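# Structural overview for review
So you can see what is in the structure, the chains are spelled out below.
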Amino acid sequence: MFRFKKAEPAIYRSEATGAEFKFRQSSDKERENLAVLVETESAYQNKQSQRVSYVMEKDDWYAAWLMEDFSGVEDENGKSHVFAKFNLADKAGLIQSLRQTDSEFAAWFAAHCEPAEKKTETAPVAEQVVGTSELPGVQG
């Protein structure tokens, strides 16, 4: 049987806003896919302003690209927004507002985008080396 495990989304809970955001895992392929989408839309759908916004605010657009869902986001009238009604540009604007409101988000998202190799921690160096004279003898 063929088995496939989908990576669980990372969840950011904003204490400053009370909202919750889910992001899929970051990878070089995701960055490439976003760049291709923006270039394609600027060329074939004449969305040049979107391309300029993407170039100026790459981190916001990348966070918008990785966002899978949110909750606790309301409009000015207190009505909850529906995630499915947000396009990529709307999501980028939402991320930009989140960065301005919640100072901890930028650091969290940067850590979320780090490659797995950088996320692993090295074990601390032992403070002293144990010599053979300090070890109990083993009887066979």
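Here we summarise the structure given alongside this text.

Rules used in this analysis
Residues numbered from 1 in each chain as written. Predicted model: local features only at pLDDT ≥ 70, side-chain atom pairs only at ≥ 80, totals over all residues. Heavy atoms only, no water. Helix = DSSP H or I, 4+ residues; strand = E, 2+ residues; numbered from the N terminus. Buried < 20%, exposed > 50% of the residue type's maximum accessible area, 1.4 Å probe, protein only. Core = buried A, V, L, I, M, F, W, Y, C linked by side-chain atoms within 4.5 Å. Pairing = 2+ DSSP bridges. Axes fitted to C-alpha atoms, helices over the stretch in contact; angles between N-to-C directions. Contact = heavy atoms within 4.5 Å. Phe/Tyr/Trp six-rings, centres within 6.5 Å; stacked < 30°, edge-to-face > 60°. Lys NZ or Arg CZ within 6 Å of the ring centre and 35° of its normal. Left-handed = near helix turned anticlockwise from the far one by under 90°. Lys, Arg positive; Asp, Glu negative; His and termini not counted. Salt bridge = Lys/Arg side-chain N within 4 Å of Asp/Glu carboxyl O.

### Quick look at the environment of E57
Within the secondary structure layout, E57 lies in the loop between α2 (48-56) and α3 (58-66). On the accessibility criterion, E57 (26% relative accessible area) is partly exposed. The sequence separation of E57 and Q96 amounts to 39 residues, and the corresponding C-alpha distance is 8.6 Å.

### What about the nonpolar core?
Counting residues in each nonpolar core, the largest one holds 26 residues, and the members touching the most others are F21, F23, L34, M67, F70, F105 and F109. Looking at this core element by element, the count peaks at 6 residues for α3.

### As for the sheet that holds strand β1 (residues 10-13)
Strand order across the open sheet formed by 3 strands is β1-β2-β3, with antiparallel pairing between neighbours. Taken across any chain shown, the strands that pair with only one partner, and hence form the sheet edges, are β1 and β3 (67-71). Here the average twist between neighbouring strands, direction ignored, is 15°. Taken together, the 4 bridges between strand β2 (residues 20-23) and β3 define a ladder with antiparallel strand orientation. By the bridge assignment, K22 is partnered in β3 with D69. The strands touched by helix α4 (residues 88-101) are β2 and β3; relative to β3, the strand with the most contacts, the crossing angle is about 60°. Packed on one face of the sheet, helix α5 (residues 105-113) meets β1 and β2 and runs near 170° to β1.

### Observations concerning the packing of aromatic side chains
Using the criterion set out here, one finds 11 aromatic pairs in the structure. Feature note: the residues Y12, F23, Y62, F105, W108 and F109 constitute an aromatic cluster, connected by ring pairs. Here the basic side chain of R24 rests over the ring of W65, its NZ or CZ set 5.4 Å away from the ring centre.

### A few points about the environment of F109
Of note, F109 is situated in helix α5. Separated by 97 residues in sequence, F109 and Y12 place their C-alpha atoms 8.7 Å apart. Every residue in contact with F109, bar those within four places of it in the chain, is listed here: F23, D59, Y62, A63, L66 and R99.

### Concerning the packing of α3 against α4
With their axes 8 Å apart at the nearest point, α3 and α4 run at an angle of 115° to one another. Our pair here, α3 against α4, has a crossing hand that is right-handed. Residues D59, D60, W61, A63, A64 and W65 of α3 form the contact with α4, whose own contacting residues are L88, A89, K91, A92, I95, Q96 and R99.

### Some points on the side chain of D102
Relative to the helices and strands, D102 resides in the loop between α4 and α5. It is R99 that comes nearest to the buried, bridge-free D102 among opposite-charge side chains, at 10 Å. Residues within four places of D102 in sequence aside, it is in contact with Y12, S14, E15 and A16.

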